Amino acid sequence: MRLYPAIDLRGGRCVRLYQGSYDAETIYGDDPVDQARQFVDAGASWLHVVDLDAARTGEPVNRPMIAAIAAAVNVPVQAGGGVRSLDAALALADTGAARVVIGTAAVETPALVEQVAARQPVAVGLDARGRDVSTHGWERGGGGDLLELAVGFESSGAEAVVVTEIGRDGTMSGPDTDGLAAVLAATGLAVIASGGVAGLADLIELATIGEAGRKLAGVIVGRALYEGRFTVPEALKTLDR
């Protein structure tokens, strides 16, 4: 299971939201490029970067920052937020993003995933409260059923599905292991977990989900790293066991 340290961008700064609320923001730094370097210097082999402003409005105000991050590190960057069209996906890839994450547009226009996948690596971002998928920066519910959508993208050409339990994101209350197990059992896509990780024990628990040969492909971790619950080297050592 691969570790994806998270860099969420809002107004050019590193932030984390609590349960997806833009009114519950914690600022962790004014230099996302330096933060990216710190994660990579500590051993991270991938980064997960989200333009929260674009996720909410569709306007890619942090795209130059994503380009700066990609240029500053020698590991692949998975990036998303506000990718609502083929042109937006290509523009994000042009920043140096190795894999583009499509959320709202994937739910509303599933054919877009196939169009993007024909040009570049893509993942589908499914952000849900329980099984109810939300869109537009997590502010609109009723996007569809999590499991049905995960199954529906199997033939889209997507490399992975990134599953975020909104109610746990930024809370450090533990991941939704039951929900993740259900997604893993429902779809043949690689599944990357996001939301709720608080300690190394959570990483160990996530690694046990699934059957032999069918495990979670990765885990995105944000607040727990920023608040010193564990370090990148400690996480990698735990995941390597």
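Note that this is a predicted model, so its numbers are computed, not measured.

## Examining the overall build of the chain
Scanning the chain for helices and strands turns up 11 helices and 11 strands. A compact globule built from 241 residues should have a C-alpha radius of gyration of about 18 Å, and the chain, at 16 Å, falls within 12% of that. Dimensions of the chain, computed from C-alpha atoms along their principal axes, come out at roughly 40 × 40 × 35 Å. Here the chain, with 241 residues, has 54% of them falling under the buried criterion. Sequence separation of at least 24 residues holds for 67% of the intrachain contacts in the chain that already meet a minimum separation of 6.

## As for the packing of aromatic side chains
Within the structure shown, the criterion is met by 3 aromatic pairs. Both rings, one in Tyr4 and one in Trp46, keep their centres 5.6 Å apart while their planes meet at 50°; by these two values the pair is tilted. You can see Tyr4 sitting in strand β1 (residues 2-10) and its partner Trp46 sitting in the loop between α1 (32-41) and β4 (47-51), a full 42 residues away along the chain. Both residues of the pair, Tyr4 and Trp46, belong to the buried class. When the centroid spacing of 4.9 Å and the interplanar angle of 20° are considered together, the rings of Tyr28 and Tyr226 count as stacked. Of this pair, Tyr28 sits in strand β3 (residues 21-29) while Tyr226 sits in helix α10 (residues 223-226), and the two are 198 residues apart along the sequence. Aromatic ring contacts, followed pair by pair, group Tyr28, Phe39 and Tyr226 into a single cluster. Above the face of the Tyr22 ring, Arg56 is positioned so that its terminal group lies 4.4 Å from the ring centre.

## A short note on the pattern of salt bridges
All told, the structure shown has 5 salt bridges when counted by the stated rule. With its nearest N and O atoms 2.6 Å apart, the salt bridge here joins Arg16 to Asp8. By the burial criterion, Arg16 is buried, and Asp8 matches it.

The rules behind each value
- Each chain has its residues counted from 1, following the order in which its sequence is written.
- This being a predicted model, a pLDDT of at least 70 is required before a residue's local features are given, and a value of 80 or more before pairs of side-chain atoms are given or counted; all residues contribute to the totals for chains, interfaces and linings.
- Side-chain metrics rest on all non-hydrogen atoms present in the structure, leaving aside hydrogens and water.
- Secondary structure is summarised from DSSP: a helix means a run of H or I of at least four residues, a strand means a run of E of at least two, and numbering begins at the N terminus for each.
- As a reference, a globule follows 2.2 Å times the number of residues to the power 0.38, and the radius of gyration itself is taken over C-alpha atoms.
- Burial classes: relative accessible area under 20% of the type maximum marks a residue as buried, over 50% as exposed, and values in between as partly exposed (1.4 Å probe, protein chains only).
- By the convention used here, residues are in contact when the closest approach between their heavy atoms is within 4.5 Å.
- Two rings from Phe, Tyr or Trp (for Trp, the six-membered ring) form a pair when their centres sit within 6.5 Å of each other. Planes less than 30 degrees apart are called stacked, planes more than 60 degrees apart edge-to-face, and all others tilted.
- Two conditions define a charge sitting above a ring: the NZ of Lys or the CZ of Arg must be within 6 Å of the ring centre, and it must be within 35 degrees of the ring normal.
- Salt bridge, as used here, is a side-chain nitrogen of Lys or Arg placed within 4 Å of a carboxyl oxygen of Asp or Glu.

Everything listed here is a matter of coordinates, which is why it stays silent on function.
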